[in-house]
Amino acid sequence: MATMFLKESLLGEFLETLRLFGELAGPTLSVQGVTVLAPVTDPSLLLLDYKRTQIPPKKYLLPFREKVISFSKGGYHNGGDEPARTVLFAIHPCDLEGIAYLDRVFLADPADPGYARRRSGLTLVGISCEPDDFCFCSGTGEAAPCDLFLNRAEGGFEVTLSTARGEEIAAAARGCLTAFDSASKGKKSPLPPLRKGGDVVPAVRPQGLKRATLVPGSVDPELRFSGHPLWEEFARRCVGCGACSVCCPTCYCFDLREYPELTGGHRRMREWDNCLFKNHGEVAGGNFRPERLDRLRYRFLHKFCGFSPLEGMSSCVGCGRCRQFCPVDIDLRELLPEEGS
Ligand code: SF4
Ligand code: SF4
């Protein structure tokens, strides 16, 4: 993997070069004051010091609602137009890991055609980050799965090129990239924000929050989950809003819904669903998970223990969103081993 250096003063020029590879999107503040990934119309509005977006990058790969197939005039038509090429800029390592997990799910044989189309048009530019008290990923960002990774360094960024597309971008941006001076490595300094982040992040650790790291294999589904008393406590507080699943970079529950039209046509749509919702487990004659406790435990078991064919693989990337956005402060880290234990 080649490494280059991008001077902070040349960041704007670098961003313009990225536009050659697709519509540029990155972290910015919505009019409602929420940190979101959105098209970059004005680079000075980019939030390089953000903590997390409310909705993760999965929205670029799994649209909230998409047509799978339609029927009209006696014929079937597959859904899915050719997606626009998109460059996602300044994506944190945890979200890059989240995309890598979705790739395992949706690109496994047979690949999901819509996901595969969108994924092939997506260029990923990662950026290093500073964790807050909600984060618990164990990654360093050095090996984050992306095309280019920007690591903050003295006066700019160390740029790692990880894929052929990354090399292509570097060739196009050769006017603003120089050889990386390894002597300056280690002198990393936070880049002054172009604009203040919109996340409400507590300056001190909120009461009850604790640091936990995700140790592979440390979560025993029998001992740590099945009869754990915290499930009763969580189920009592949970309001079933589903926010933890909506904001999770690796949650991908969906439903297929049929929409008949008065003209005789018909559309079959795939829409985000949520395993925290009671009707998600409903089948003819019953419900797999009738109680809230069942649904909470199901989601967390899926996160930490996986299921076939990804059984044993954790899909939690430690982004901290479910804790930050849960209205009743349910913190799944309470079920995880303490750091160092
Ligand atoms: S379970 Fe929570 S912390 Fe883990 S990836 Fe999903 S939203 Fe992030
Ligand atoms: S965000 Fe919190 S309250 Fe809402 S469904 Fe998830 S755990 Fe329950």
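Reading the values: the criteria
- Residues numbered from 1 in each chain as written.
- Chains lettered and ligands numbered in written order.
- Predicted model: local features only at pLDDT ≥ 70, side-chain atom pairs only at ≥ 80, totals over all residues.
- Near = placed C-beta within 6 Å.
- Nonpolar A, V, L, I, M, F, W, Y, C, P; charged D, E, K, R; others polar.
- Pairing = 2+ DSSP bridges.
- Helix = DSSP H or I, 4+ residues; strand = E, 2+ residues; numbered from the N terminus.
- Axes fitted to C-alpha atoms, helices over the stretch in contact; angles between N-to-C directions.
- Parallel < 35°, antiparallel > 145°, perpendicular 65-115°, else oblique.
- Left-handed = near helix turned anticlockwise from the far one by under 90°.
- Contact = placed C-beta atoms within 7 Å.
- Buried ≥ 20, exposed ≤ 12 C-beta atoms within 10 Å, placed from the backbone.
- pLDDT = per-residue confidence, 0-100.
- Core = buried A, V, L, I, M, F, W, Y, C linked by C-beta atoms within 7 Å.

## Structural notes on the site of ligand 2
Consideration 1: In the vicinity of ligand 2, the residues found are Cys 238, Val 239, Gly 240, Cys 241, Gly 242, Ala 243, Cys 244, Leu 276, Cys 326, Pro 327, Val 328 and Ile 330.
Consideration 2: Considering only residue class, the shell around ligand 2 consists of 10 nonpolar, two polar and no charged.

## So, the sheet that holds strand β8 (residues 148-153)
Across a sheet, strands are paired by hydrogen bonds formed along the backbone, either parallel or antiparallel in direction.
Consideration 1: Here eight strands make up an open sheet; going across it, the order is β3-β2-β6-β7-β8-β9-β1-β10 and the pairing mixed. Because the sheet does not close on itself, it has two edges, and the strands there are β3 (35-39) and β10 (177-179). Ignoring strand direction, the axes of neighbouring strands in this sheet form an average angle of 30 degrees.
Consideration 2: For strand β7 (residues 122-127) and β8, the ladder comprises three bridges, and the chain directions are parallel. Note that in β8 the partner of Ile 127 across the bridge is Leu 150.

## A look at the site of ligand 1
Consideration 1: Lining the immediate surroundings of ligand 1 are Cys 247, Cys 248, Pro 249, Thr 250, Lys 303, Cys 316, Val 317, Gly 318, Cys 319, Gly 320, Arg 321 and Cys 322.
Consideration 2: In terms of residue class, the shell around ligand 1 is built from seven nonpolar, three polar and two charged.

## Here's the deal with the packing of helix α6 (residues 230-237) against helix α8 (residues 292-305)
Between two packed helices, both the angle of their axes relative to each other and the distance between the axes serve to describe the pair.
Consideration 1: It is at 9 Å that the axes of α6 and α8 come closest, and there the two elements cross at 115 degrees. In terms of axis orientation, α6 runs roughly perpendicular to α8. Our pair here, α6 against α8, has a crossing hand that is right-handed. Packed against α6, whose contacting residues are Trp 231, Glu 232, Phe 234 and Ala 235, the element α8 presents Arg 292, Leu 293, Leu 296 and Arg 297 at the interface.

## Here's the deal with the sheet that holds strand β5 (residues 75-78)
Consideration 1: With antiparallel pairing, the four strands of this open sheet are ordered in space as β5-β4-β12-β11. Every other strand in the sheet has two partners, leaving β5 and β11 (254-260) as the edge strands with one partner each. Across the sheet, the axes of successive neighbouring strands diverge by a mean angle of 20 degrees, strand direction being ignored.
Consideration 2: Looking at chain direction, strand β4 (residues 65-72) and strand β12 (residues 266-272) are connected through six bridges and run antiparallel.

## So, the pairing of strand β9 (residues 156-161)
Consideration 1: By the criterion of burial, β9 is predominantly enclosed, with six of the six residues buried.
Consideration 2: Where β8 meets β9, six bridges bridge the pair, whose relative direction is antiparallel. Residue pairing for β9: Phe 149 is matched across the bridge by Thr 160.
Consideration 3: The loop that links β8 with its antiparallel partner β9 comprises two residues; one of these, Gly 155, has a positive phi angle of about 80 degrees.

## A few points about the confidence of the model for the protein chain
Consideration 1: Averaged over all residues, the pLDDT of the protein chain equals 85, while 84% of them reach at least 70.
Consideration 2: Confidence, read as mean pLDDT per element, is least for helix α5 (residues 221-226) in the protein chain (60) and greatest for strand β6 (residues 86-91) (98).
Consideration 3: Contacts for the low-pLDDT stretch residues 186-213, under 50 throughout, to residues beyond four places or in other chains number 54 contacts.

## Regarding the nonpolar core
Consideration 1: Formed by 42 residues in total, the largest nonpolar core has its most connected members in Leu 88, Phe 89 and Val 125.
Consideration 2: Of all elements in the fold, only α1 (11-18), β2 (23-29), β6, α2 (93-106), β7, β8, β9 and α4 (164-172) reach the threshold of two or more residues within this core.
Consideration 3: Filtering out sequence-adjacent residues up to four positions away, Val 125 remains in contact with Leu 18, Val 87, Leu 88, Phe 89, Ala 90, Ile 91, Cys 146, Asp 147, Leu 148 and Leu 150.
Consideration 4: If you look at the next biggest cluster of nonpolar residues, it comprises 20 residues, including Cys 135, Cys 244, Cys 247 and Phe 300.

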